[in-house]
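# Coordinate inspection notes
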Amino acid sequence: MGNISLAFFLCLVLISGCSTLPKHPDRPISYALDPLPNTRIEKALNERLKKNHGPDESAFSPLITGQAGLLARLASTAAADHSLDLQYYIWQNDLTGHLMMYYVLKAADRGVRVRILLDDLNQGQYEKNLAVLNTHPNIKIRLVNPFANRGARWLDLGRFSQVDHRMHNKVFIADNEVAVVGGRNIGNEYFWASEEINFGDFDLWVAGPTVQALSKEFDTYWNSDIAYPIDSITKSYHPTTEEFEALRKTTEDAYYQAQSTEYEDTLRDVIHQHFFLKERAAIYWAKADVMYDPPEKLHQSTDKKVKTLRIQLRPLINETKKELILISPYFVPRTPGEQSLMTLQMRGVQVTVLTNSLASSDQTTVFGGYKGSRKSLLKAGVHLYELKPKLSTLPKNKRIGASSSAQSGLHGKVFVFDRTNIFVGSMNLDPRSMELNSEMGVVVHSPAFASDFADHFFNNLPKTSYKLTLDKNNDLHWETVEQGQLIDYTNEPDTSFWKRFKAEFLSIFVPIDEL
């Protein structure tokens, strides 16, 4: 029986080796189009943005709510006159995903060049829709690090070391004049429209020279050898005109469905370009640096030296003197990370970390890799906070039609250095982001923005999170404020015995480096 099992396994490996990616796909080189004068976006920016800033400075507006994140993308798509570049890890086949596709199609219909770059991991079930969309003459789609076996992806077992590396970058660029960069993917849960879980996330809307730097990042990945035109790996599928019209109908249905929800106001703002004109939106003018992993990270082993995002951010951490704020939904510091944070504490830097609680986390495995670090970090003086699974402090009109019973989870990635510089991007503080996935972000050199963010962050912590402490017996406690009362939990709050057992089991038996 053992020999039969071994033979079966070897057959699977051999089968997985039979399917390969095209060696020389038709991959035309293309670059971001230069900004044009007198576009609708340029006119809107001239009306909205003041001119008293330096030539090297860009405008940054925080997108805190899910509604703001959606509106920024839809309004920019609706106003685009000549180009759209979209790079995402996930683009869901749901209401907001179809709504975004509706506006992209409308833009392509009026002659806008559209380039869409997606990681292949999550696109398998939507592959046909993407192939159909790719038949539009003004839309080109490429998939990053695709699976060779399109029907049964598990047959790529023999290529695991390759397909385990994923593109986690996220950026949206319209007319090479405005961009959205940060943590959000495209899907209901990122825009507070899910009935199950909605993520607290964070993006920046950007205008100015930083947009051209983000376009350079997009071009670097678009023209790299890890990006495959979708028609080069779906040659056996030939989309029909009927399928294209059916997809268009699906996106139109999503548009009309959204009009009957609390998205109605958002869509009205899109039509009137209110996003660009709203005076209440905070605008910060500052210089910034766009940072990202090189595409080579996805096919190099971790022992080879490439200038990764982690290395690019290291000087900012080393130069921090008083305060470091780290917001990361997946926080797995491992021993080297713990030692680095302890060293910062020893030289007088107060480190504050916000991550997911066991109750709010959508990845129990990753939480299992983090939980063992808590006591040592608390002993060193690090302030640890974990997000609550229900954010009742959000007003109903900020939920965009989502169920009030939906779980809340943290998904934003923000680091603040001495309230002087602030990083917003896609990188988690875990082994996968550090060593396997590609990541990106922008560092904004703005004391005003960094300070305002830090003030808002600390003002909301007591209501939105649990503060972790240790008692004299070295046991963990979770402190929070509920209905004006200080509450002290002595176990992982809002969790079942099974979930706690699962996290404990995974923390023992799952290697941290595999998270």
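Details of the structure are given in the entry above.
The structure reproduced in this document is the subject of the present report. Just so it is clear, the model here is predicted, and its values are computed rather than measured.

### Side note on the overall build of the protein chain
Helices and strands together make up the secondary structure of the protein chain, namely 18 helices and 20 strands. Counting all 515 residues of the protein chain, 57% fall into the buried class. Intrachain contacts of the protein chain at a sequence separation of at least 6 include 80% that bridge at least 24 residues. Element-wise, carbon and sulfur atoms account for 54% of the exposed surface of the protein chain, whose accessible area totals about 22600 Å².

### Structural notes on the packing of aromatic side chains
Overall, the coordinates contain 16 aromatic pairs when judged by the stated rule. Measuring from centroid to centroid gives 5.2 Å for Tyr 102 and Tyr 103, while their planes differ by 90°, and the two rings are edge-to-face. For the pair Tyr 102 and Tyr 103, a shared accessibility class is recorded, and that class is buried. Note on Tyr 102 and Tyr 255: the rings are 4.6 Å apart at their centroids and 20° apart in plane angle, and the pair reads as stacked. Remark: Tyr 255 occurs in helix H9 (residues 241-259) and Tyr 102 occurs in helix H4 (residues 95-109); sequence separation between them is 153 residues. An aromatic cluster of at least three residues, connected via ring pairs, comprises Tyr 102, Tyr 103, Tyr 255 and Tyr 256.

### A short note on the environment of Ile 283
Within the secondary structure, Ile 283 sits in the loop between helix H11 (274-277) and strand S10 (284-292). Note on Ile 283: relative accessible area 27%, which makes it partly exposed. Separated by 225 residues in the primary sequence, Ile 283 and Ser 58 place their C-alpha atoms 9.7 Å from one another. When sequence neighbours within four positions are dropped, the list of residues in contact with Ile 283 reads Arg 48, Leu 49, Ala 59, Phe 60, Ser 61 and Trp 205.

### Details of the side chain of Ser 232
As for its position among the elements, Ser 232 is in helix H8 (residues 230-233). A polar atom in the side chain of Ser 232 sits 2.6 Å from the backbone oxygen of Pro 229.

### Quick look at the nonpolar core
Ranked by size, the top nonpolar core spans 53 residues in total, and within it Leu 84, Trp 91, Ile 116 and Ile 139 carry the most contacts. Looking at which element gives the most residues to this core, the answer is H4, with nine residues. Ignoring any residue separated from it by four or fewer positions in sequence, one finds Ile 116 in contact with Leu 86, Trp 91, Val 104, Leu 133, Ile 139, Lys 140, Ile 141, Arg 142 and Trp 222. Membership of the second largest hydrophobic core comes to 42 residues, among which are Val 181, Leu 298, Val 444 and Ala 450.

### Side note on unusual backbone geometry
The backbone phi angle of Trp 192 is positive, close to 60°, even though this residue is not glycine. Its location among the elements puts Trp 192 in the loop between strand S6 (178-182) and strand S7 (197-200). Backbone geometry places Asn 474, a non-glycine residue, at a positive phi of 70°. As for its position among the elements, Asn 474 is in the loop between strand S18 (465-470) and strand S19 (476-482).

### What to know about helix H14 (residues 364-371)
In terms of burial, H14 is largely enclosed, as seven of its eight residues are buried. Within the sequence span of H14, burial applies to Thr 364, Val 366, Phe 367, Gly 368, Gly 369, Tyr 370 and Lys 371.

### What to know about the pairing of strand S5 (residues 171-174)
Because side chains alternate across S5, one face comprises the buried residues Val 171 and Ile 173, and the other comprises Phe 172 and Ala 174, equally buried. Note that strand S2 (residues 83-88) and S5 share four bridges and pair antiparallel. Bridging from a neighbouring strand, Gln 87 pairs with Val 171 of S5. Pairing of S5 with S6, which is carried by four bridges, proceeds in the antiparallel orientation. Its bridge partner being in S6, Ile 173 is matched across the sheet by Ala 179. From the end of S5 to the start of S6, which pair antiparallel, there are three residues, and Asp 175 there has a positive phi angle of about 55°.

### Concerning the side chain of Ser 58
Of note, Ser 58 is situated in strand S1 (residues 58-63). A polar contact of 2.8 Å, which involves the side chain of Ser 58, links it to the side chain of Thr 210. Once residues lying within four places of it in the same chain are set aside, the contact partners of Ser 58 are Val 206, Ala 207, Gly 208, Pro 209, Thr 210, Tyr 284, Trp 285 and Ala 286.

### What to know about a nonpolar patch on the surface
On the surface, Phe 497, Trp 498, Phe 501 and Phe 505 cluster together into a nonpolar patch covering about 510 Å² of accessible area. Tracing the chain through its elements places Phe 505 in helix H18 (residues 497-509).

### Structural notes on the pattern of salt bridges
For the structure on display, the rule yields 16 salt bridges. In this structure, Asp 219 and Arg 115 form a salt bridge, with 2.7 Å as the shortest nitrogen-oxygen distance. Pair noted here: Asp 219 is in helix H7 (residues 209-222) and Arg 115 is in strand S3 (residues 113-119), with a separation of 104 residues, a long-range link. The residues Asp 219 and Arg 115 share a single accessibility class, namely buried. The salt bridge partner of Arg 184 is Asp 203, with a shortest N-O separation of 2.9 Å. Remark: Asp 203 occurs in strand S8 (residues 203-207) and Arg 184 occurs in the loop between S6 and S7; sequence separation between them is 19 residues. With respect to burial, Arg 184 and Asp 203 carry one shared label: buried. Through salt bridges with shared partners, a single network forms among Arg 73, Arg 184 and Asp 203.

### A short note on helix H2 (residues 40-48)
Since the α-helix turns once every 3.6 residues, residues separated by three or four places project in the same direction. Among all positions of H2, only Ile 41, Ala 44, Leu 45 and Arg 48 are buried. The arc that holds every buried residue of H2, seen down its axis, measures 100°, which confines them to one face.

### Section: the environment of Tyr 385
Following the sequence through the fold, Tyr 385 ends up in strand S13 (residues 383-387). It is 9.4 Å that separates the C-alpha atoms of Tyr 385 and Thr 464, two residues lying 79 residues apart in sequence. For Tyr 385, the residues in contact, after removing those within four places along its chain, are Thr 352, Val 353, Leu 354, Thr 355, Leu 461, Ser 465, Tyr 466 and Lys 467.

Parameters and conventions
- Residues numbered from 1 in each chain as written.
- Predicted model: local features only at pLDDT ≥ 70, side-chain atom pairs only at ≥ 80, totals over all residues.
- Heavy atoms only, no water.
- Helix = DSSP H or I, 4+ residues; strand = E, 2+ residues; numbered from the N terminus.
- Buried < 20%, exposed > 50% of the residue type's maximum accessible area, 1.4 Å probe, protein only.
- Contact = heavy atoms within 4.5 Å.
- Areas by Shrake-Rupley, 256 points an atom, 1.4 Å probe, with all protein chains shown as cover.
- Phe/Tyr/Trp six-rings, centres within 6.5 Å; stacked < 30°, edge-to-face > 60°.
- Polar contact = N/O pair within 3.5 Å; in protein donor to acceptor, adjacent residues only side chain to side chain.
- Core = buried A, V, L, I, M, F, W, Y, C linked by side-chain atoms within 4.5 Å.
- Pairing = 2+ DSSP bridges.
- Patch = residues over 30% accessible without salt bridge, like charges linked within 9 Å, V, L, I, M, F, W, Y side chains within 5 Å.
- Salt bridge = Lys/Arg side-chain N within 4 Å of Asp/Glu carboxyl O.
- Arc of directions from axis to C-beta.

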